[in-house]
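Chain and residue survey
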Amino acid sequence: MPGPGGPGGRFGRSYLTEEEKASAPKVTPELLKRVFSYLKPYWKQMLLVICAIFVSSVFSLMPSVLTGRIIDEGLIGRNMSALVRLIILSLAVTLGANLIGVLESYLNTWIAQHITFDMRNAMFRHLQKMSQSFFTANNQGDIITRMTSDIDGVQSIITNTLSSILSNAITLLVAVVVMYRENWILATVGILIIPLFVIPTRRAGKTRWSLTREAQAANDEINGILNETLSVSGQLLVKLFGKEEKEYEKYKAANEKMINLNIREGMAGRWFRVVISTFSSIGPMLLYLVGGILMMRYDADLTVGDITVLVALLGRMYGPVNQLLNIQVDWIRSMAMFTRIFEYYDMPIEIQNAPDAVIPERATGEVTFEHVAFSYNKERQILKDVNFELKSGHSVAIVGPSGSGKSTMINLIPRLYDVDEGRVTFEGIDVRKIDLTWLRKQVGIVSQETYLFNGTIRENLLYAKEDATEEELIDALKKANIYDLIEKQEEGLDARVGNRGLKLSGGEKQRISIARVLLKDPALLVFDEATSALDSISENKIQEAIDPLIASRTSILIAHRLSTILAADEILVIKDGEIVERGQHEKLVDAGGVYTELYRTQFAKALENERERAEGLWDGVVLDDPDY
Ligand code: ATP
């Protein structure tokens, strides 16, 4: 996966350098064209902004020019009415410049918000199309940072960087023209001072940029740690392994790295400001001196007002020059940000509808695997030459040691991943040729790790069928053997689940997810049985819910319990990604192979317990044996 962070991105320096390399801002015409393509839909508003910036820049320079006339015509010329007129004019243009400034920032913000709105939506859309491997290979913190801070950064580029480039450039241009019209010698002297800023600014800019990259990587790292440790399951792991101190140390170290970087970044800008402010006071003095010499020694055609205008204009140039040079840093940073965002946009969508995708006429759940080979990454082959056929209305149980590739096989049916070799067919058609939305609608998976949204039970159920009626919901819950529990809740179907609501056990969650799949009413049902220990009551309830389902539709069962296995028409025994045995229980159990071994180690004990329970030996026994 050509992810910018690469797999496991948040670990160590290699990630940082990769990141730096990947986001090193090579400002190519293509990149600029792409950035500006986001502005294009808003070109009318942009044009208005440019006009506003132009007028407000000219207006804001006018008081400086008027100062010369106030001094020469008003004060030295002792003309009261001219003085008052010029002062009022000066105040009026200042007010005008500020009012136009308000309009400009409104428009700017409006444009920026609309552009980021477009970008965010497009990014969300794009991310949703990414295959599962993208989400397993990329750190959640990275993805969220890109969706949030990077796109926020783009907004600030538009509101601040772009408008500041424009207004500063216009101010400088107008100031230079006016200065040369006043006196070319003084204008040249003033302008010669300016390059003195360039050297320290460039240096500081470079340092600041590299620090920003590092700070961003550190921020990603912190987000990653928070996401991992402050989630429900993360906390559970931390607590059970007593890793609170370790996690705290890890967090503290990342945090410390971040503050150090932030301090260094803050200071990198500070030093060169000292240099610049020193130079900025040298400029006016030099103009007074040269102006004085020109007036007194060379009798030049210069008035006091002219020199004042030149000094004032020079003073007005420092800010824009300073900002424009700073902008170079912001510009590089912005380009890096755009590059980072575009990297995500450019990630190929690995799994998408074929141009000639079809919708099969029937949906019976028939599946075949034909010489299927698959690997998550090139290093390790997970599935090797897997062949099987599941006929409509039949069921198949997949058994095998942990990590043998059972869930992986299932993932290939709704195309969460695509096969490397061979093909998976649904209704006799290669799944890669079937309309993706249709295909996924036909496959209902009750997975081991049940995911319920942090919402009400009703919301979780409606996710499968938006227009389900109350009766349908209740019916599904009843069939899933969970209605009793929900009925007992004060809020019934509107009881919240998750962090802020009803705490459900693994078995209860799985039963709700069975109800959810029932509402989806898929042609093919996949039941990934929980390996985790459920109490026998829970287990029975799930079994009772699932049995009629298996009997009534095409199903695949990833089974860990003998009763589930026995409900299937065929058993596939998978080991190291290969189907090593297949057939009926009676035949396999005596074959002396992997199944016999599994039977002895896993199922026999369960069977014995089941028998004991049937004989009443378990009556009154509190089940707390986690192995069962
Ligand atoms: P279990 O019974 O424990 O659920 P399983 O038979 O379902 O195991 P799979 O989940 O299919 O096993 O995993 C098969 C192998 O593929 C494992 O070795 C696992 O480490 C690897 N694997 C699973 N998911 C990924 C992934 N997203 N990226 C890389 N490797 C993966």
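Everything here concerns the structure above.
To start, this report covers the structure provided alongside it. A quick note: this is a predicted structure, and the numbers were derived from the prediction, not measured.

A word on the sheet that holds strand β4 (residues 421-426)
- An order of β2-β1-β4-β5 is seen for the 4 strands of this open sheet, with the pairing classed as antiparallel. Where the open sheet ends on each side, the last strands, each with one partner, are β2 (383-390) and β5 (429-430).
- Across 2 bridges, β4 lies against β5 in antiparallel orientation. Bridge pairing links F426 to I429 in β5.

Thoughts on the site of the ligand
- Looking at the ligand, there are 15 residues lining it, with S402, G403, K406, S407 and T408 nearest.
- Within the side chain of S407, a nitrogen or oxygen atom sits 2.7 Å from an oxygen atom of the ligand.
- With the chains in place, 69% of the 630 Å² that the ligand exposes on its own is no longer accessible.
- Per element, the largest residue contribution to the shell around the ligand is 3 residues, and it comes from helix α12 (residues 406-412).
- Residues of the shell around the ligand, tallied by class, amount to 4 nonpolar, 9 polar and 2 charged.

Quick look at the packing of helix α6 (residues 140-182) against helix α7 (residues 184-193)
- Between α6 and α7, the least distance of the axes is 6 Å, while the angle of their chain directions is 140 degrees. When the axes of α6 and α7 are compared, the pair comes out oblique. Residues V176, M179 and Y180 of α6 touch α7, and the partners they reach there are W184, A187, T188 and I191.
- In the contact of α6 with α7, the residues fall into 6 nonpolar, 1 polar and no charged.

Some points on the packing of aromatic side chains
- Under the counting rule described, the total for this entry stands at 13 aromatic pairs.
- Between the aromatic rings of F369 and F388, the centroid separation amounts to 4.8 Å while the plane-to-plane angle is 20 degrees, which identifies the pairing as stacked. Of this pair, F369 sits in strand β1 (residues 367-374) while F388 sits in strand β2, placing them 19 residues apart in sequence. Neither F369 nor F388 differs from the other in exposure class; each is buried.
- Seen from their ring centres, F426 and W438 are 6.1 Å apart, and the 75 degrees between their planes marks the pair as edge-to-face. Of this pair, F426 sits in strand β4 while W438 sits in helix α13 (residues 436-442), and the two are 12 residues apart along the sequence. The same class applies to F426 and to W438, which are both buried.
- Through pairs of rings, three or more aromatic residues link up here, namely Y38, F338, F342 and Y345.
- Looking at R34, its charged tip hangs above the ring of F342, at a distance of 4.1 Å from the centre.

Topic: the packing of helix α4 (residues 80-129) against α6
- Put simply, α4 and α6 touch, their axes get as near as 9 Å, and they point 155 degrees apart. With respect to α6, the axis of α4 lies roughly antiparallel. Note on packing geometry: the crossing formed by α4 with α6 is right-handed.
- A class-by-class count of the residues in the contact of α4 with α6 yields 12 nonpolar, 8 polar and 4 charged.

A word on a negative patch on the surface
- Together, D385, D420, E421, D576 and E578 line one region of the surface with negative charge.
- Mapped onto the elements of the fold, D420 is located in the loop between α12 and β4.

A closer look at unusual backbone geometry
- Positive phi, normally seen in glycine, also occurs at H371, with a value near 50 degrees.
- Even without being glycine, D576 reaches a positive phi, approximately 45 degrees.
- Within the fold, D576 resides in the loop between β9 (570-575) and β10 (578-583).

Here we look at a nonpolar patch on the surface
- Nonpolar side chains collect at one region of the surface, where I259, I263, M267, W271, V274 and V275 lie side by side and expose about 570 Å² of accessible area between them.
- Tracing the sequence through the fold places W271 in helix α10 (residues 244-296).

Considering the pattern of salt bridges
- One pass over the structure, following the stated rule, counts 18 salt bridges.
- Of the charged contacts in the structure, one is a salt bridge between E343 and R146, with a shortest N-O distance of 3.6 Å. Placement of the pair is E343 in helix α11 (residues 304-346) and R146 in helix α6, with a sequence separation of 197 residues.
- Owing to a relative accessible area of 1%, R146 belongs among the buried residues under this scheme.
- With a closest N to O distance of 4.0 Å, R340 and D220 form a salt bridge. Highlighted residues: R340 in helix α11 and D220 in helix α8 (residues 195-229), separated in sequence by 120 residues.

Notes on the sheet that holds β9
- If you walk across this open sheet you meet the 6 strands as β6-β7-β8-β3-β9-β10, and the pairing is mixed. Since the sheet does not close on itself, it has two edges, and those belong to β6 (443-446) and β10, each with one partner. Geometrically, the sheet is characterised by an average inter-axis angle of 20 degrees between neighbouring strands, direction not taken into account.
- Pairing geometry for strand β7 (residues 524-528) and strand β8 (residues 554-558), over 5 bridges, is parallel. Paired with F527 across the strands is L557, a residue of β8.
- Contacts from helix α17 (residues 506-520) reach β6 and β7, with the element oriented near 175 degrees to β6.

Rules of the game
Residues numbered from 1 in each chain as written. Predicted model: local features only at pLDDT ≥ 70, side-chain atom pairs only at ≥ 80, totals over all residues. Heavy atoms only, no water. Pairing = 2+ DSSP bridges. Helix = DSSP H or I, 4+ residues; strand = E, 2+ residues; numbered from the N terminus. Near = heavy atom within 4 Å. Polar contact = N/O pair within 3.5 Å; in protein donor to acceptor, adjacent residues only side chain to side chain. Areas by Shrake-Rupley, 256 points an atom, 1.4 Å probe, with all protein chains shown as cover. Nonpolar A, V, L, I, M, F, W, Y, C, P; charged D, E, K, R; others polar. Axes fitted to C-alpha atoms, helices over the stretch in contact; angles between N-to-C directions. Parallel < 35°, antiparallel > 145°, perpendicular 65-115°, else oblique. Contact = heavy atoms within 4.5 Å. Phe/Tyr/Trp six-rings, centres within 6.5 Å; stacked < 30°, edge-to-face > 60°. Buried < 20%, exposed > 50% of the residue type's maximum accessible area, 1.4 Å probe, protein only. Lys NZ or Arg CZ within 6 Å of the ring centre and 35° of its normal. Left-handed = near helix turned anticlockwise from the far one by under 90°. Patch = residues over 30% accessible without salt bridge, like charges linked within 9 Å, V, L, I, M, F, W, Y side chains within 5 Å. Salt bridge = Lys/Arg side-chain N within 4 Å of Asp/Glu carboxyl O. Lys, Arg positive; Asp, Glu negative; His and termini not counted. Charge placed at Lys NZ, Arg CZ, Asp CG, Glu CD.

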